[in-house]
Amino acid sequence: MLRLVSLKLGRLYRYVKLAVLGSLAAALVLNTHSLLASLQRNELSERRFLQLNKCPACWGTSWCRKFLNGQLRLESWGRLRLFDFFNVKNVYFARYGEPREGSRRVVLKRLGSAQELADIDTKICRRATGRGRCDLLQALHATEFASLNGDVRLLTPDAVEGWSDLVHCPSQRLLDRLVRRYAETKDSGSFLLRNLKDSERMQLLITLAFNPEPLVLQSFPSDEGWPFAKYLGACGRMVAVNYVGEELWSYFNAPWEKRVDLAWQLMEIAEQLTNNDFEFALYLLDVSFDNFAVGPRDGKVIIVDAENVLVADKRLIRQNKPENWDVWYESKFDDCDKEACLSFSKEILCARVTVDHNYYAICQNLLSRHATWRGTSGGLLHDPPAEIAKEGQLEALLDECANPKKRYGRFQAAKELREYLAQLSNNVR
């Protein structure tokens, strides 16, 4: 009976696959002329494609000259709008060329789906006029994004608290850092909000409210050792970041030694984001295999999706001393039988100095046997060599890190797991 069902499902899958391929072929034939035209022109130099007309309700303009001068070109199938149906996240791969440096690969992001971007316009209109459609640029000046004008000296927590994960519980120190490192202005380096032009100020605030990923990359840059992709610039509603490499998922069945090294790096990232000299705790609220990528040359693991990062200022927590601020917080294991599950309280992340959230997120969603992704199970460290499996130490540490049985067990397991993985991969610390 089970064999009969599997055969029927297999046939159904083949029929659906053939139907999809047939539909694509028909669409290609019917749209041959427009497809050839789209292959010939460079849409990245077109203001409409970049949605430059939406500015300052956009992400920035620092790279507009490069876009409009034709220094960026979409790669292969990315030039065919027919395939936008499959590109839900609006992420494109392109070549960027400098006369003296040659060309290199970059990643372009609209920072949202087509519907999410349309929702931004609707929200701005509703905030300004109460209606869903309006003159966007005129309406923008009647919103809170324009209320912080040139007379306002600083961007303060009471003005933006809760706008996004990044500023769920902002400190003045964090906001000064965001303004000072804002890359979409020619005069960066000042924490004074009034030093920004009106358009730059609105762009910063809109980015902060709708998708703060560019601000995370700018404020915690890769050049200073933070494990994020490098921010390059923006034009309209398109941002450019450095291409890192293949996503972590493509290494799921890599040789054991490679997977051990990647796992060790992931635990090091969890430690760096949790405990660092700057006393900012960066908590990853969305951890999955496609949010990380691996450099092809150096093998370095980098975070490539930083939209859902909550930043807590440990100095502020120590200063304000909220209830139980100095009690170690243990995240609760979430056995939800879905991909990339995490259980957390943003309020608690904002109110405790010592939190194990990042260890929990990495262990549960990427490394341990509880990790599931695209129909697989067992996590990145699945099927260890026989001698390691027989020893049992790796499995015990992963289980305790994902679902601790002892009080504060995850803290200790995470420390021992980092050391054990380092030993296995011969990393010199």
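Treat the numbers as computed from the prediction; the structure is a model and nothing was measured.

**Re the environment of aspartate 383**
In this structure, aspartate 383 sits in the loop between strand E12 (376–377) and helix H16 (386–391). Between the C-alpha atom of aspartate 383 and that of arginine 369, which follows or precedes it by 14 residues, the distance is 10.0 Å. Beyond its immediate sequence surroundings of up to four residues, aspartate 383 is in contact with Trp256 and Arg259. Among the polar contacts listed, one links the side chain of aspartate 383 to the side chain of histidine 382, at a separation of 3.0 Å.

**Examining the environment of valine 167**
Structurally, valine 167 can be placed in the loop between helix H8 (157–160) and helix H9 (172–180). Among the residues examined, valine 167 registers a relative accessible area of 0% and is labelled buried. Separated by 143 residues in sequence, valine 167 and leucine 310 place their C-alpha atoms 7.0 Å apart. In contact with valine 167, not counting residues within four places along its chain, are Val160, Glu161, Gly162, Leu175, Leu178 and Leu208.

**Looking at the packing of helix H12 (residues 256–274) against helix H18 (residues 409–424)**
Each pair of packed helices can be summarised by the angle the axes make with each other and by the distance between the axes. The N-to-C vectors of H12 and H18 enclose an angle of 145°; their axes lie 9 Å apart at closest approach. In the crossing of H12 with H18, the sense of the turn from one axis to the other is left-handed. Of H18, the residues touching H12 (which contributes Val260, Ala263, Trp264, Met267, Glu268 and Glu271) are Ala414, Leu417, Arg418, Leu421, Ala422 and Leu424.

**What to know about the nonpolar core**
Core analysis: the largest hydrophobic core is formed by 92 residues, its most contacted members being Phe228, Met267, Phe292 and Leu367. With ten residues, H12 is the single largest residue contributor to this core. The contact partners of leucine 367, leaving out residues within four places of it in the chain, are Ala263, Leu266, Met267, Ile362, Gly378, Gly379, Leu380, Leu381, Leu398 and Leu417. By size, the runner-up hydrophobic cluster in this structure holds 20 residues, among which are Leu44, Leu50, Leu52 and Tyr92.

**Let's talk about the confidence of the model for the protein**
A residue-level look at the protein finds 87% of positions with pLDDT of 70 or above and a mean pLDDT of 88. Counted against residues more than four places away or in other chains, residues 1–10, with its pLDDT under 50, gives zero contacts. Note that pLDDT drops below 50 for residues 31–36; the model gives that stretch three contacts with residues more than four away or on any other chain.

**Focus: the pattern of salt bridges**
When their charged atoms lie close together, side chains carrying opposite charge are able to pair. Scanning all chains against the criterion turns up 20 salt bridges. Its salt-bridge partner being aspartate 165, residue lysine 346 comes within 2.6 Å of it at the nearest N-O pair. Separated by 181 residues along the polypeptide, lysine 346 in helix H14 (residues 346–349) and aspartate 165 in the loop between H8 and H9 bring together distant segments of the chain. Judged by its relative accessible area of 11%, aspartate 165 is buried. Close ionic contact of arginine 318 with glutamate 279 constitutes a salt bridge, the shortest N to O distance being 2.5 Å. On the criterion of sequence distance, the pair formed by arginine 318 in helix H13 (residues 314–320) and glutamate 279 in the loop between H12 and strand E7 (280–284) is long-range, its members being 39 residues apart. Among the residues examined, arginine 318 registers a relative accessible area of 34% and is labelled partly exposed. Through salt bridges that share partners, Lys54, Asp121 and Arg237 make up one connected network.

**Remarks on the sheet that holds strand E9 (residues 301–303)**
The strand order across the open sheet built from three strands is E6-E8-E9, with neighbouring strands paired in antiparallel fashion. The open sheet has two edge strands, strand E6 (246–247) and E9, and neither has a second partner. Bridge count for strand E8 (residues 292–294) against E9 is three bridges, and the pairing is antiparallel. Bridging from a neighbouring strand, phenylalanine 292 pairs with isoleucine 303 of E9. This element, H12, spans E8 and E9 of the sheet and lies at about 45° to E9.

Rules behind the numbers
Residues numbered from 1 in each chain as written. Predicted model: local features only at pLDDT ≥ 70, side-chain atom pairs only at ≥ 80, totals over all residues. Heavy atoms only, no water. Helix = DSSP H or I, 4+ residues; strand = E, 2+ residues; numbered from the N terminus. Contact = heavy atoms within 4.5 Å. Polar contact = N/O pair within 3.5 Å; in protein donor to acceptor, adjacent residues only side chain to side chain. Buried < 20%, exposed > 50% of the residue type's maximum accessible area, 1.4 Å probe, protein only. Axes fitted to C-alpha atoms, helices over the stretch in contact; angles between N-to-C directions. Left-handed = near helix turned anticlockwise from the far one by under 90°. Core = buried A, V, L, I, M, F, W, Y, C linked by side-chain atoms within 4.5 Å. pLDDT = per-residue confidence, 0-100. Salt bridge = Lys/Arg side-chain N within 4 Å of Asp/Glu carboxyl O. Pairing = 2+ DSSP bridges.

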